[in-house]
Amino acid sequence: MNYYTISQLAEQFDVSTRTIRYYEERGLISPIRTESGQRLYTKKDRAALKLILRGKRFGFSLEEIHEMISLFDNDRTGRKQLEKTIAYGEQKLKEVTERIEDLMQLKQEMESILADFRERLQKLEGIE
């Protein structure tokens, strides 16, 4: 079986070893230990780490990520994992859409205020 050290995974995914240990503490990955205590990660751990990092990038909580990963262990067909991932993904997409709408409104407000300030400045410069 092919194993990875914590340093190898940290380098591959451009994260700190502390980050990987944190995910281990949270129960998201479970490396085996050598007699000397060195962590060795399997391909399954590597795949889980990849999913964790992707999930974090998409804004999922560690609890949501843990649930999605755990579902595959309980249902090897992957169906339940896909169903849950789709449900979480749809919710996350809704949140992103709402955030974009809020930011667009904020942008319009800022543009309006800036236009007003520019107009005021032009009037003041005309007085001088």
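Just so you know, the residues in each chain are numbered from 1, in the order the chain's sequence is written. At least 70 in pLDDT is required for a residue's local features to be given in this predicted model, at least 80 for side-chain atom pairs to be given and counted, and no such filter applies to totals for whole chains, interfaces and linings, which use all residues. Here the side-chain values reflect all heavy atoms present in the structure, with hydrogen atoms and water set aside.

For the chain, the name recorded in an unreviewed UniProt entry is Zn(II)-responsive regulator of zntA, with Anoxybacillus thermarum as its organism.

A.B. asks: If you had to explain unusual backbone geometry to someone new, which residues and values would you point to?
C.D. replies: With a phi angle near 55°, Asp 14 is a residue other than glycine that sits in the positive phi range. Secondary structure elements follow DSSP: runs of H or I of four or more residues count as helices, runs of E of two or more count as strands, with numbering from the N terminus. Structurally, the position occupied by Asp 14 is in the loop between helix H1 (6-13) and helix H2 (17-25). Buried residues are those whose accessible area, probed at 1.4 Å on protein chains only, stays under 20% of the maximum for their type, while exposed residues exceed 50% and partly exposed ones sit between those limits. By relative accessible area, which is 71% here, Asp 14 ends up exposed.

A.B. asks: If you had to explain the layout of surface pockets to someone new, which residues and values would you point to?
C.D. replies: The gaps left among the atoms become clear once a water-sized probe is rolled over them. Cavities and pockets were defined on a 1 Å grid built from protein atoms only: a cavity is a group of points that admits a 1.4 Å probe but offers it no way out, a pocket is an open group of points flanked by protein on both sides within 12 Å along at least five of seven lines, and a lining residue is one with an atom within 4 Å of any such point. Grid points are joined across faces, edges and corners, and a volume is the space filled by probe spheres set on the points. Its boundaries defined by the atoms lining it, the largest pocket holds a volume of some 340 Å³. As for the largest pocket, its lining consists of 17 residues, of which Leu 28, Lys 44, Ala 48, Ile 69 and Asp 73 are closest to the centre. Of all the secondary-structure elements, those providing two or more residues to the lining of the largest pocket are helix H3 (43-57) and helix H4 (62-74). Approximately 290 Å³ is the volume found for the second largest pocket. Lining the second largest pocket are 13 residues, and of these Leu 51, Arg 54, Phe 60, Met 68 and Thr 85 lie nearest its centre. Every element with two or more residues in the lining of the second largest pocket is listed here: H3, H4 and helix H5 (79-127). No other element matches the five residues that H5 contributes to the lining of the second largest pocket. Throughout this entry, Asp, Glu, Lys and Arg are counted as charged residues, while Ala, Val, Leu, Ile, Met, Phe, Trp, Tyr, Cys and Pro are counted as nonpolar. The remaining residues, Gly among them, count as polar. A breakdown of the residues in the lining of the second largest pocket according to their chemical character gives seven nonpolar, four polar and two charged. Viewed by domain, the lining of the second largest pocket spans two of them, domain 1 (1-59) and domain 2 (75-128), each represented by three or more residues. Segment limits for the domains were obtained from an automatic or database-derived domain assignment.

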